[in-house]
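Analysis of the macromolecular model
The primary structure of each chain is shown beneath.
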Amino acid sequence: MSTPTTTPVKSLLVRGYEVVIGFETHAQLSTQSKIFSRAATAFGAEPNTQACAVDLALPGTLPVMNRGAVERAIEFGLAVGSFIAPRSIFARKNYFYPDLPKGYQISQFEIPVVQGGAVDFYLGAEKRTVRLVRAHLEEDAGKSLHEDFIGQSGIDLNRAGTPLLEIVTEPDMRSSAEAVAYAKELHKIVTWIGICDGNMQEGSFRCDANVSVRRPGAPLGTRREIKNLNSFKFMQQAIDFEIRWQIEEIEDGRAIQQATVLFDPDTGETRAMRTKEDAADYRYFPDPDLPPLVIAPDWVDRVRSEMAELPRVMAQRFVSDYGLPEYDATTLTQSKAMAGYFEAVAKTSGQAKLASNWIMGEVSRRLNASETDIEQSAVTSFQLAGLIARIADGTISNSAGRQVFEALWNGEGQDADAVIEAKGLKQISDTGALDRIIDEVVAANPDNVAQFKAGKDKAFNALVGQIMKASKGKANPQQVNDLLRKKIG
Amino acid sequence: MQTVHHAPHDLGVAKLVAALRQGELSAVETAQHFLKRAQAQADLGAFLALDEEVTIAQARAADARLAAGTAGPLEGVPLAHKDIFVTRDFPTTAGSKMLKGYRSPFDATVVQKLAAAGMVTLGKLNCDEFAMGSSNENSAFHPALNPWDRTRVPGGSSGGSAVAVAARLAPAVTGTDTGGSIRQPASFCGITGIKPTYGRASRYGMVAFASSLDQAGPMARSAEDCALLLSSMCGPDPDRDSTSLDRCEEDFTRSLNDSLEGLRIGVPSEFFGTGLADDVRAAVEACLKVYEELGAKLVPISLPRTELSIPVYYIIAPAEASSNLSRFDGVKFGHRADEYTDLVDMYRKTRAEGFGDEVKRRIMIGTYVLSHGYYDAYYLQAQKIRRMIADDFQQAFRDCDLIAGPVAPTVAWKLGGHGNDPLADYLADIFTLPASLAGLPGMSVPAGFGEGGMPVGLQLIGNYFSEARLLNAAHRLQQATDFHSRKPEGL
């Protein structure tokens, strides 16, 4: 479990300013039905076909809590080491808007279900921790459709009542890169444990970034909240623009006003929606239609026992069971599929570190180049394990291994052994054959031999290279070294 | 062969059940009889909606079940619902212009349960707008008149409900009680009504006024009839109302005839102070004497925060109401202003036109007490005192089994009698508010007559889930007195 302590911060200053970022993320929970009604939550249905009497706020309707949404909140809390509140309260957030059918949103205000916790991730090779303040359950609103209705707006209430988990961080991030890395890690966690489909285009994972700047050591600056960042790319662009904008304002002698802003991907700029002066008074109060949400310890225990192994735990296991460096373990647990692929290769080949090197190296390069996921890898975990086993037992060299991988990727051959056989890549372990090649190379390169004898080590390497070439890469480099040194050393 | 000596409207629920079951009456002729009376007494303003076709169709179905031997416990007995309950077969207005012509796609749980028991719906009953009021004068459509004196109010908010029973337009009705809306009109009209423990009857399908207080209950002439209805109204509704309690359905008639020997009746001194009118005091005290004669012991008790229940209630109820009524915004259903310039203008005009004065007043009070900077001082403080009021009752119930006192400080006042003084209405709620705030069951039982020959009600308050005990105490009083079986002249 992560300890929620302040991360020692080595801030990257931007024009002498420290950047401070906090996040609020709305993760849509992957329940079949809505948070307080039995209507379906599927995306993309015809407008208003997935809204029942409760979602429409018809007179006399009342909310009934969906236990599935609560379980997902518990799972999240366990995944990030939070306190699961044994008793939390639903509150009403009152405001008028046409796509808010009841005139209030049911949310959690004073006592949320998930409290504290932290998200750990790597920013490059540096380990970072972002502390969480809370995660609370709430319902989504509907959608206002401003196109297609000349002079009027349409309302689609299919989304009204969709369960959301709003995840709030401390202002622990110090750069846009760190913010994006946090968001990616959070995205990984919610999709890994399966509480959210993570689809950012469909709005299943929406981030709001609270951004401020200050001189190092100064109190926190006034923040502006960038709403609804729905891609990692826009997230970085929006935050970078906002940082520049705020610094310029301050440099020009203008104070930052607290505001909510939107990012326009077309212009690459952020633009204020509303300022604090016209901020609404939401008149929060406990919802009298919903009793306190009581979560008994055995409910938490049951959820814990049914949860998949968490990335954090799995990474620790990779370190302790396979002896991987922490960096490798963290990288390999970026997705469930990647981690599963690694484990299969490591177990079948018995070579964990080699497996890690190959997956983080050759496999990742090929996947990135072809923009495919590990699930679609052209080289199966079984094939890669076979290949690694042949390198480990000295049958082929590393460089020959790359040729084998290339061939397997291109579908030339069933497995490593077949490719080695077909391409004749087996290392020459027969000293007689190698002796002959060495003798030929030594005879053909008297200059190099002379230079080596005169003390130039480079000449020795040149000879080794010639020998390897003559062997078509099949010679064992160590063996070549030994034999050559014996002959001319 | 035994002949029916009484007209159907003089039979209570219990006798109607028997007559229908024995075939002395059909459900159709019973329904027709009551519909005719309702039409003849339209001047009383009890009903907001009648639909003979719907009623007769329901009665025919009841007759078929009676004939087939599949009758429910209340098969064929007519009833009418307060217009706060949503119904598929009748429009639902909640007494407001905002919902004029609104038709719900579903029935309230209470409506569904009483229909399942075999009851036939006569129509929908007048009430104060969104159940806010104690005279029925806040109905957006027309007032309801007290059948004992048509120049007086019937009480509220379930005024139409009380009028219908008192004038024998329905043998039994439903009401809702948030701060006394069943008990006070029952008292003013000389009938019996019970508000069960909060959470016993599902709130699903009740147009919400104050969610933490609203509770449905039956109103009828006798405690026995109330017990019959209540047995079919209550029960858990976990899939539709999260505040409905997980208590099994109960036969509330089971202990009606139990002896009252040794029953300790608490008499709170705060209910008999200077604010209590002499005629009401005399009638209530006479009833307490009857109880002593029946073997009960009177125990002096104190409910020290009785007066505080007025400010506490008039903070909490409007706070919840201001939020509950936000959905009436002209966007999805109900009234929408004809002309407006933009969204905010549409909201303003729609709500200005759709809501009456009292509703607007409470929305404003509620909005104020929940606002930033006032929430702690008003709403939170009120919640704290609310808990203390509930604790006071628990303290009192150590010394007594039931609490008895007046329902209201006076008998029914004249129409327009409180003029434009809402505070006069609020203050008149003083004796019913404490039990509402504590979520306790309470009832009003006819206790005699006071000034101008107007009925007086005795309030009985019990601890949580003591409805059967309350009904037993009321029933025994009604066996020793005849106040509940008297009827207004000319009816």
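Rules used throughout
- One numbering rule holds for all chains: residues counted from 1, following each sequence as written.
- Each chain gets a letter, beginning with A, and each ligand a number, beginning with 1, in the order they are written.
- Owing to the predicted nature of the model, reporting of local features is limited to residues with pLDDT of at least 70; listing and counting of side-chain atom pairs is limited to 80 or more, with chain, interface and lining totals taken over all residues.
- Helix and strand definitions here come from DSSP, where helices need a minimum of 4 consecutive H or I residues and strands a minimum of 2 consecutive E residues; each element is numbered from the N-terminal end.
- As a reference, a globule follows 2.2 Å times the number of residues to the power 0.38, and the radius of gyration itself is taken over C-alpha atoms.
- Any residue with 12 or fewer other C-beta atoms within 10 Å of its own C-beta is exposed, any with 20 or more is buried, and the rest are partly exposed; the C-beta atoms used are placed from the backbone.
- Distance between backbone-placed C-beta atoms decides contact: two residues are in contact if it is within 7 Å.
- Charged residues are taken to be Asp, Glu, Lys and Arg, nonpolar residues to be Ala, Val, Leu, Ile, Met, Phe, Trp, Tyr, Cys and Pro, and polar residues to be all remaining types, Gly included.
- For two strands to pair, DSSP has to find at least two bridges joining them.
- What marks off one domain from the next here is an automatic or database domain assignment.
- Angles here are taken between N-to-C directions and fall from 0 to 180 degrees, while the axes themselves are lines fitted to C-alpha atoms, restricted in helices to the stretch in contact.
- By the definition adopted for this analysis, an angle is roughly parallel if under 35 degrees, roughly antiparallel if over 145, roughly perpendicular if from 65 to 115, and oblique otherwise.
- A clockwise turn of the near helix away from the far one marks a right-handed crossing, whereas an anticlockwise turn of less than a right angle marks a left-handed crossing.
- Confidence scores labelled pLDDT are given residue by residue by the predictor and lie between 0 and 100.
- Helix span, expected: 1.5 Å multiplied by one less than the number of residues in the helix.
- Directions drawn from the helix axis to the C-beta atoms are what define this arc.

For the rest of this paragraph, the subject is the overall build of chain A. Counting secondary structure elements, chain A contains 15 helices and 17 strands. Relative to a compact globule of 489 residues, whose C-alpha radius of gyration would be 23 Å, chain A shows 30 Å and is clearly more extended. For chain A, the spread of C-alpha atoms along the principal axes amounts to about 95 × 55 × 50 Å. Per-residue burial over chain A gives 42% buried out of 489 residues. Look at the contacts in chain A between residues 6 or more apart in sequence, and 68% of them connect residues 24 or more apart.

Summing up its helical and strand segments, chain B has 15 helices and 11 strands in all. Computed over C-alpha atoms, the radius of gyration of chain B comes to 21 Å, within 12% of the 23 Å expected from 2.2 N^0.38 for 491 residues, which places it in the range of a compact globule. Out of the 491 residues in chain B, the part that is buried amounts to 61%. Here the contacts in chain B between residues at least 6 apart in sequence split such that 77% fall between residues at least 24 apart.

Before going further, it helps to spend a moment on the interface of chain A and chain B. Frequently, the measure chosen for interface size is the accessible area that the parts lose on association. With 26 residues of chain A in contact, the opposing surface of chain B contributes 35 residues. Grouping the constituent residues of the side of chain A that touches chain B by class yields 18 nonpolar, three polar and five charged.

In this section: the sheet that holds strand β16 (residues 285–286) of chain A. Residue and element names in this part refer to chain A. If you walk across this open sheet you meet the three strands as β5-β4-β16, and the pairing is antiparallel. Each end of this open sheet is capped by a strand with a single partner; those strands are β5 (104–108) and β16. For strand β4 (residues 90–94) and β16, the ladder comprises two bridges, and the chain directions are antiparallel. Bridged to R92 within β16 is F285.

What follows is about the domain arrangement of chain A. Residues and elements named next belong to chain A. Annotation of chain A at the domain level lists domain 1 (20–301), domain 2 (309–423) and domain 3 (431–488). A C-alpha centroid distance of 32 Å is found between domain 2 and domain 3. In this assembly, four residues from domain 2 lie in contact with four residues from domain 3.

For the rest of this paragraph, the subject is the packing of helix α9 (residues 309–324) of chain B against helix α12 (residues 376–396) of chain B. All names here are of chain B. Relative orientation of the contacting elements α9 and α12 amounts to 125°, with a least axis distance of 9 Å. By the angle between their axes, α9 is oblique relative to α12. For the element pair α9 and α12, the recorded crossing hand is left-handed. Taken together, the residues of α12 that come into contact with α9 (itself represented by S309, V312, I315, I316 and A319) are Y378, Y379, A382, I385, R386 and I389.

So, on to the packing of helix α2 (residues 176–192) of chain A against helix α3 (residues 232–251) of chain A. Residues and elements named next belong to chain A. Their axes nearest at 9 Å, the elements α2 and α3 cross at an angle of 150°. For the element pair α2 / α3, the angle class is roughly antiparallel. Crossing of α2 against α3: the hand is right-handed. When α2 is examined against α3, the residues S176, A179, V180, A183 and K184 are found in contact with a partner set consisting of F232, M235, Q236, I239, D240 and I243. In terms of residue class, the contact of α2 with α3 is made up of seven nonpolar, two polar and two charged.

Turning our attention to the confidence of the model for chain A. On average, residues of chain A score 91 in pLDDT, and 96% of them reach the 70 mark or higher. Predicted confidence for residues 1–8 of chain A stays below pLDDT 50, and this span has 12 contacts to residues more than four positions away or in other chains.

Turning next to the pairing of strand β12 (residues 205–214) of chain A. Regular strands place their side chains on alternate faces of the sheet. All names here are of chain A. Looking at chain direction, strand β1 (residues 18–28) and β12 are connected through 10 bridges and run antiparallel. Bridge assignment links A27 to a residue of β12, and that residue is F205. In this sheet, strand β13 (residues 224–229) lies alongside β12 in antiparallel orientation, the contact comprising four bridges. If you follow C207 over to β13, its bridge partner there is L229.

As a further point, take the pairing of strand β6 (residues 215–220) of chain B. All names here are of chain B. In terms of burial, β6 is a largely internal element, six of the six residues being buried. A two-sided burial pattern is seen for β6, the buried positions comprising Q215, G217 and M219 on one face and A216, P218 and A220 on the other. By the bridge criterion, six bridges tie strand β4 (residues 172–177) to β6 in an arrangement that is antiparallel. Opposite T174, over in β6, you have P218 as the bridge partner.

Another aspect to go through is unusual backbone geometry. Here the amide bond leading from G156 of chain B into S157 of chain B is cis, since omega sits at 5°, within 30 degrees of zero. The phi dihedral of N228 of chain A is positive, around 55°, even though this residue is not glycine. Backbone geometry places F465 of chain B, a non-glycine residue, at a positive phi of 65°. Mapping F465 of chain B onto the fold places it in the loop between β11 (455–462) and α15 (467–480). Its 16 C-beta neighbours within 10 Å are what place F465 of chain B among the partly exposed residues.

Let us look at helix α10 (residues 398–409) of chain A. All names here are of chain A. With 12 residues, α10 ought to run about 16 Å at 1.5 Å a step, and its terminal C-alpha atoms sit 16 Å apart, in line with that. Of the positions making up α10, those classed as buried are A400, G401, V404, F405, A407 and L408. With its buried residues spanning 165° around the axis, α10 presents them on a single face. On the buried face of α10, the contacting elements are α8 (352–370), α9 (381–392) and α11 (416–423). The positive-phi residue at the C-terminal boundary of α10 is G411, with phi of around 80°.

So, on to the environment of T192 of chain B. All names here are of chain B. By secondary structure assignment, the location of T192 is in strand β5 (residues 192–195). Overall, T192 belongs to the buried group, with 33 C-beta atoms counted inside 10 Å. Measuring from C-alpha to C-alpha, the distance between T192 and E467 comes to 13 Å, with 275 residues separating the pair along the chain. The contact partners of T192, leaving out residues within four places of it in the chain, are A186, A220, R221, S222, A223, C226, M443, S444, V445, P446, A474 and H484.

For α12 of chain B, built from 21 residues, the straight-helix expectation of 30 Å at 1.5 Å per residue is met to within 8% by its first-to-last C-alpha distance of 29 Å. Listed in full, the buried residues belonging to α12 of chain B are Y378, Y379, A382, R386, I389, D392 and F393 of chain B.

A separate point is the confidence of the model for chain B. Per-chain confidence: chain B averages 96 in pLDDT, with 99% of residues scoring 70 or above. Scored by ipTM, the complex comes to 0.96, with pTM at 0.89.

A word on the environment of A164 of chain B. Residue and element names in this part refer to chain B. Of note, A164 is situated in helix α5 (residues 159–166). For A164, a count of 35 C-beta atoms within 10 Å translates into the label buried. Sequence separation between A164 and G72 is 92 residues, and the spatial gap between their C-alpha atoms is 24 Å. Each residue touching A164, except ones within four places of it in the same chain, is listed here: A46, A80, L125, L169, A170 and V173.

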